[in-house]
Amino acid sequence: MPSPLVETRHLLLLSALEEVGSLNAAARKLHLSPSALSQQLRELEDRLGGALFHRQWRRLVLTAAGQRLTEAARSVLGELTRAEAETRELLRGASGTLRVATVCLQSYRWLPELLKSFSRDWPGTEVTVVTEAGVAPAEWLLARRLDVALVAGEVRKSPRIRMEPLFRDELVALVGREHPWASSRQRQIDVRTFADQHLWLDEGALRADAPLGRALAKAGGLSPRKVTLIPMTGGLPVEMVRANLGVTVLPRWAVAPQLDDGGLRAFRIGPRGLWLDWAVATREGETEPALTAFVAALRAHHPGPRGRQIHRR
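Rules and cut-offs
Residues numbered from 1 in each chain as written. Predicted model: local features only at pLDDT ≥ 70, side-chain atom pairs only at ≥ 80, totals over all residues. Heavy atoms only, no water. Buried < 20%, exposed > 50% of the residue type's maximum accessible area, 1.4 Å probe, protein only. Helix = DSSP H or I, 4+ residues; strand = E, 2+ residues; numbered from the N terminus. Arc of directions from axis to C-beta. Contact = heavy atoms within 4.5 Å. Polar contact = N/O pair within 3.5 Å; in protein donor to acceptor, adjacent residues only side chain to side chain. Axes fitted to C-alpha atoms, helices over the stretch in contact; angles between N-to-C directions. Parallel < 35°, antiparallel > 145°, perpendicular 65-115°, else oblique. Left-handed = near helix turned anticlockwise from the far one by under 90°. Nonpolar A, V, L, I, M, F, W, Y, C, P; charged D, E, K, R; others polar. Salt bridge = Lys/Arg side-chain N within 4 Å of Asp/Glu carboxyl O. Phe/Tyr/Trp six-rings, centres within 6.5 Å; stacked < 30°, edge-to-face > 60°. Lys NZ or Arg CZ within 6 Å of the ring centre and 35° of its normal.

Visitor: Can you explain helix 5 (residues 111-121)? Please cite residues and give values.
Guide: Among the residues of helix 5, L111, L114, S117 and F118 are the ones counted as buried. Within helix 5, the buried residues cover an arc of 135° as seen down the axis, which keeps them to one side. Counted as exposed and oriented over 90 degrees from the buried face of helix 5: P112, E113, K116 and R120. Looking at the buried positions of helix 5, the neighbouring elements they touch are strand 3 (96-102), strand 4 (125-129) and helix 10 (289-301).

Next up, the structure:
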């Protein structure tokens, strides 16, 4: 295998420049002088044979080539950081590591209970949560950068990925208690009522193969009055709804604690509701005992409603 021209220091440089946008600020972040950092950048561009940034006054703007390499830098640095942490755990006596992700980034509240049960039986296995893998869990599994994924709906099919059904859950429309819907005794809305609403959603919710995307298409290709695409991290969509700034659509189990405090109202979408089938994905043929035990623990402690389990046929 040929040796790469790019070194770790170059990856750190690219990541810092993307974050702060100028050589002086990146130099401070990396504890280097601006001249030293500028020299590193020139060296990297000379090695690769072209410009990675456009110089615009005091800022550096990525070229297409620079964007591609910076994306790789983020991925490599993230993987290296995890590898270092896992290596430290192994050196401290851990017997292995399991890397876990879920496509619902608000759903990690269920994980502590699962880990508590799992760690009693497997004290030497370190579990690492890989949040960024939730965007493309199948690809991360096939690249052996992930071991277990909790997935929902349509997932890239592959003979190398094993899917075990877990549970079915309902997607609900959430509003704040001052939203006009909140005063209604009805707990169901027609999907066509989204036509005059501001929706806070992630990009995947509107895909043609997603339950909400299908429902909007079935309603004649209906479009909400306004859609703000927003990552489903940190509970931001829920907070926007709590502030009565619109509507969001999320799995009921993911927002159950927020419903208990009375600040939100949940509505079924359509007479039969919109539903997601959840499953646990692993690589086909993997028989590592710790992995098998973790999947069993997930089946026992999964975050979904216990009354809606999906059974294998």
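More follows now that the structure is in view.
Visitor: How would you sum up the side chain of D147? Please name residues and give values.
Guide: Counting through the fold element by element, D147 comes out in the loop between helix 6 (137-142) and strand 5 (148-152). Overall, the relative accessible area of 8% leaves D147 in the buried class. Among the polar contacts listed, one links the side chain of D147 to the side chain of R283, at a separation of 3.0 Å. Ignoring anything within four residues of it in the chain, the contact list for D147 reads T97, L98, R99, L141, A281, T282, R283 and L291.

Visitor: How would you sum up the packing of helix 5 against helix 10? Please name residues and give values.
Guide: At their nearest, the axes of helix 5 and helix 10 sit 10 Å apart, and the two run at 135° to each other. Compared by their axis directions, helix 5 and helix 10 come out oblique. Once helix 5 is placed against helix 10, the crossing between them reads as right-handed. Where helix 5 approaches helix 10, its residues E113, L114, L115, S117 and F118 are matched on the opposing element by A290, A293, F294, A297, L298 and H301. For the contact of helix 5 with helix 10, the class distribution of residues is eight nonpolar, two polar and one charged.

Visitor: Report on the packing of helix 1 (residues 8-20) against helix 2 (residues 23-30), specifying residues and quantitative values.
Guide: Running from amino to carboxyl end, helix 1 crosses helix 2 at an angle of 125°, the nearest separation of the two axes being 9 Å. It follows from the interaxial angle that helix 1 and helix 2 lie oblique. By crossing handedness, the relation of helix 1 to helix 2 is classed as right-handed. Contacts between helix 1 and helix 2 pair L12, L13, A16, L17, E19 and V20 from the former with L23, A25, A26, K29 and L30 from the latter. Of the residues contributing to the contact of helix 1 with helix 2, the split by class is nine nonpolar, no polar and two charged.

Visitor: For the pattern of salt bridges, give the residues involved together with the corresponding values.
Guide: When charged atoms on two side chains of opposite charge get close, those side chains can pair. Taken as a whole and assessed by the stated rule, the structure comprises 20 salt bridges. Between R299 and E164 there is a salt bridge whose closest N-O contact spans 2.8 Å. Placement of R299 in helix 10 and of E164 in strand 6 (residues 161-176) is noted, with a sequence separation of 135 residues between them. Owing to a relative accessible area of 39%, R299 belongs among the partly exposed residues under this scheme. Looking at E164, the relative accessible area reads 13%, which means it is buried. The partner of R268 in a salt bridge is E170, and the shortest N-O contact between them spans 2.7 Å. In this pair, R268 is assigned in strand 11 (residues 264-269) and E170 in strand 6, connecting sequence segments 98 residues apart. Residue classification places R268 among the partly exposed residues on the basis of a relative accessible area of 26%. By relative accessible area, E170 is classed as buried at 4%.

Visitor: Would you mind going over the environment of A293 in detail, with residue names and values included?
Guide: Position of A293 among the secondary structure elements: in helix 10. Measuring from C-alpha to C-alpha, the distance between A293 and W122 comes to 8.5 Å, with 171 residues separating the pair along the chain. Sequence-distant contacts of A293, defined by excluding residues within four places in its chain, comprise F118 and W122.

Visitor: Describe the packing of aromatic side chains, and please don't skip the residues or the numbers.
Guide: Under the definition given, this model contains five aromatic pairs. Aromatic pair W181 and F194: ring centres 6.3 Å apart, planes at 45°, arrangement tilted. Of this pair, W181 sits in the loop between strand 6 and strand 7 (188-189) while F194 sits in the loop between strand 7 and strand 8 (198-201), placing them 13 residues apart in sequence. Judged on exposure class, the residue W181 and its partner F194 are both buried. Measuring from ring centre to ring centre gives 5.8 Å for W181 and F267, while their planes differ by 70°; the resulting arrangement is edge-to-face. With W181 in the loop between strand 6 and strand 7 and F267 in strand 11, this residue pair connects regions lying 86 residues apart in the sequence. The pair formed by W181 and F267 is uniform in burial state, with each residue classed as buried. Members of the aromatic cluster, joined through ring pairs, are F118, W122 and F294. We note R145 situated over the ring of W140; from NZ or CZ to the ring centre the distance is 4.0 Å.

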